[in-house]
Amino acid sequence: MFEITGAQIAKSRLRIYLNHLSCRHFSKIPLSISYLGESAKNLNSKSRRKDCSAPYLSVQWSAQPHNILLSRKPGASTRDAAFEVLTKLKSLAPNARVFADSTADLDGADLTVSRLPTERSEKLTFVKHNADLVIALGGDGTLLHVNSLFPDGPVPPVLPLARGSLGFLIAKNSTVFHRHLEMIMLEHRLIVLERMRLSYKVKSHSSNEEMETRGVALNEVMIHRGRIPYVAVLDLGVETHHFTRSVADGILISTPTGSTAYSLSAGGPIVHPTIPGLLLNPICPRSLSFRPLLLPSTSTIQVSLDESSRAVECEISADGSNSGILRKRETLQVEQCETGFLCAASPGSDEAWLDDLVDRLRFNQHFDAGPGRPW
């Protein structure tokens, strides 16, 4: 349950969002969220952008978080980290309940770890109504997995520790991780960066009814011709305005977080995660003048297969996972999700982001240059 105030938010909009949260709360412990140095405001991302440009938030639990979801990449590296985290939790919160996808290699830990339900719908329902906090051990893929567990509601605050192959979204400093964990358990608060998520759904032209294909994405939503040998002719619209027709292998619609993922490999720009916007990027377009676009975060992007397209259907994927099929006389609608992804942050996170571009993505470095030396 959230505590929300803010006189500048329209009363009707606030009432709608309060109703939204009342049926989608994820914690039995009351939780308030506010801007740093400001009073608590509406959690709806589209409304909040007018009040604050940088989505750094202060999370305050009314009591010590009790139910903790432990999400980790399988392997020995995260097993050792998990034992370390459970030992720390034992000293800070001995009565905490910890849940995980797999518990087979966690026998002997200081805290007992319960296994989540194996059936997906039961798992989603369980974490939606029980998780007060998520601890993620792994790489960027682990965060994408955590995001997929909350497809229709707010994501609890996420405390990550990099133990993966890249981990561009996750800090590798274990000292900072433990300091954050102590802040959560002893002071019941945490500073987070809200990363934008995308919401997508497919509608039929004939009935205007929503199809089964729908969900959320943290990095990107992709429409691709898949195994069909012909390029896809896609009609692109912004809001109700027809924008252009694309002849390409596909289209990427990315968040600022996703700008360093598939979109970057497709020639898109790198966008700081605090900049609100939707990145529209073609995949191997026939036209050399189709350049990547950064659209306002309030935009709704519409994608449909043109009747002239020899590709009769396209595959839809979200964050690298197959999500469905887009056929002719159907429209894929993508927009900013009402709830973001709350990930632990530290003072100086902007500087760390720039350092990661150089150290992990080798930004502007010569082939023969060492770390930190462009030439």
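Bear in mind that the values here come from a model prediction, so they are computed numbers and not experimental data. (Residues numbered from 1 in each chain as written. Predicted model: local features only at pLDDT ≥ 70, side-chain atom pairs only at ≥ 80, totals over all residues. Heavy atoms only, no water.)

**Quick notes on the overall build of the chain**
Right, so step 1: Counting secondary structure elements, the chain contains eight helices and 21 strands.
Right, so step 2: Looking at the chain as a whole, 53% of its 375 residues qualify as buried.
Right, so step 3: The contacts in the chain between residues at least 6 apart in sequence include a share of 68% that link residues at least 24 apart.
Right, so step 4: Carbon and sulfur atoms make up 52% of the accessible area of the chain, which totals about 17,300 Å². (Helix = DSSP H or I, 4+ residues; strand = E, 2+ residues; numbered from the N terminus. Buried < 20%, exposed > 50% of the residue type's maximum accessible area, 1.4 Å probe, protein only. Contact = heavy atoms within 4.5 Å. Areas by Shrake-Rupley, 256 points an atom, 1.4 Å probe, with all protein chains shown as cover.)

**Things to note about the confidence of the model for the chain**
Right, so step 1: Taken over all residues, the pLDDT of the chain has a mean of 83, while the share at 70 or more is 82%.
Right, so step 2: Low pLDDT, under 50, characterises residues 1–26; the predicted model gives this stretch 60 contacts beyond four residues in sequence or across chains.
Right, so step 3: Scored below 50 in pLDDT, residues 38–53 makes 49 contacts in the model with residues more than four places away or belonging to other chains. (pLDDT = per-residue confidence, 0-100.)

**Side note on the side chain of N219**
Right, so step 1: Within the secondary structure, N219 sits in the loop between β11 (210–217) and β12 (220–224).
Right, so step 2: Beyond its immediate chain neighbours, meaning those up to four positions away, N219 contacts L144, I253, S254, T255, T257, G258, A261 and D319.

**Observations concerning the pairing of β12**
Right, so step 1: By the criterion of burial, β12 is predominantly enclosed, with five of the five residues buried.
Right, so step 2: Along β12, one buried face is formed by E220, M222 and H224 and the opposite face, lined by V221 and I223, is buried too.
Right, so step 3: Pairing of β12 with strand β14 (residues 241–254), which is carried by five bridges, proceeds in the antiparallel orientation. Each residue of the ladder has a partner; that of M222, found in β14, is L252.
Right, so step 4: Strand direction decides the pairing type here: β12 and strand β18 (residues 313–318), joined by four bridges, are antiparallel. Residue pairing across strands places M222 opposite S317, the latter belonging to β18. (Pairing = 2+ DSSP bridges.)

**A word on the nonpolar core**
Right, so step 1: Counting 36 residues, the largest nonpolar core has L89, I135, L137 and M185 as its most contacted members.
Right, so step 2: Broken down by element, this core gets its largest block of residues, six residues, from helix α3 (residues 76–92).
Right, so step 3: Dropping the residues within four chain positions of it, L137 is found in contact with L70, S71, R72, K73, T78, A81, A82, V85, T142, L161 and F177.
Right, so step 4: In terms of nonpolar packing, the next biggest core, distinct from the first, is built from 28 residues, Y200, F290, C314 and L332 among them. (Core = buried A, V, L, I, M, F, W, Y, C linked by side-chain atoms within 4.5 Å.)

**Some details on helix α6 (residues 174–187)**
Right, so step 1: Compared with the 20 Å implied by 1.5 Å per residue over 14 residues, the 19 Å span of α6 between its first and last C-alpha is a close match.
Right, so step 2: All of the buried residues in α6 are V176, F177, H178, H180, L181, M183, I184 and M185.
Right, so step 3: After α6 finishes, the residue H188 shows a positive phi value of roughly 60°. (Expected span 1.5 Å × (residues − 1).)

**Details of the pairing of β18**
Right, so step 1: Examined bridge by bridge, β18 and strand β19 (residues 321–327) share six bridges and lie antiparallel to one another. Paired with A318 across the two strands is S321, which belongs to β19.
Right, so step 2: Two successive antiparallel strands, β18 and β19, enclose a turn made up of two residues, where D319 displays a positive phi of approximately 55°.

**Focus on the pattern of salt bridges**
Right, so step 1: Applying the stated criterion across every chain yields a total of 10 salt bridges.
Right, so step 2: Between E182 and K88 there is a salt bridge; the shortest N-O distance is 2.7 Å. Taken together, the positions of E182 in helix α6 and K88 in helix α3 put the pair 94 residues apart, joining distant regions of the chain.
Right, so step 3: Owing to a relative accessible area of 22%, K88 belongs among the partly exposed residues under this scheme.
Right, so step 4: A salt bridge links E187 to R189; its shortest N-O distance comes to 2.7 Å.
Right, so step 5: Taking the relative accessible area as the measure of exposure, E187 reaches 41% and is therefore partly exposed. (Salt bridge = Lys/Arg side-chain N within 4 Å of Asp/Glu carboxyl O.)

**Details of unusual backbone geometry**
Right, so step 1: Its identity is not glycine, yet E239 carries a phi of approximately 60°, on the positive side.
Right, so step 2: By the secondary structure assignment, E239 is in the loop between β13 (232–238) and β14.
Right, so step 3: Residue classification places E239 among the partly exposed positions, given a relative accessible area of 39%.
Right, so step 4: The backbone phi angle of D319 is positive, close to 55°, even though this residue is not glycine.

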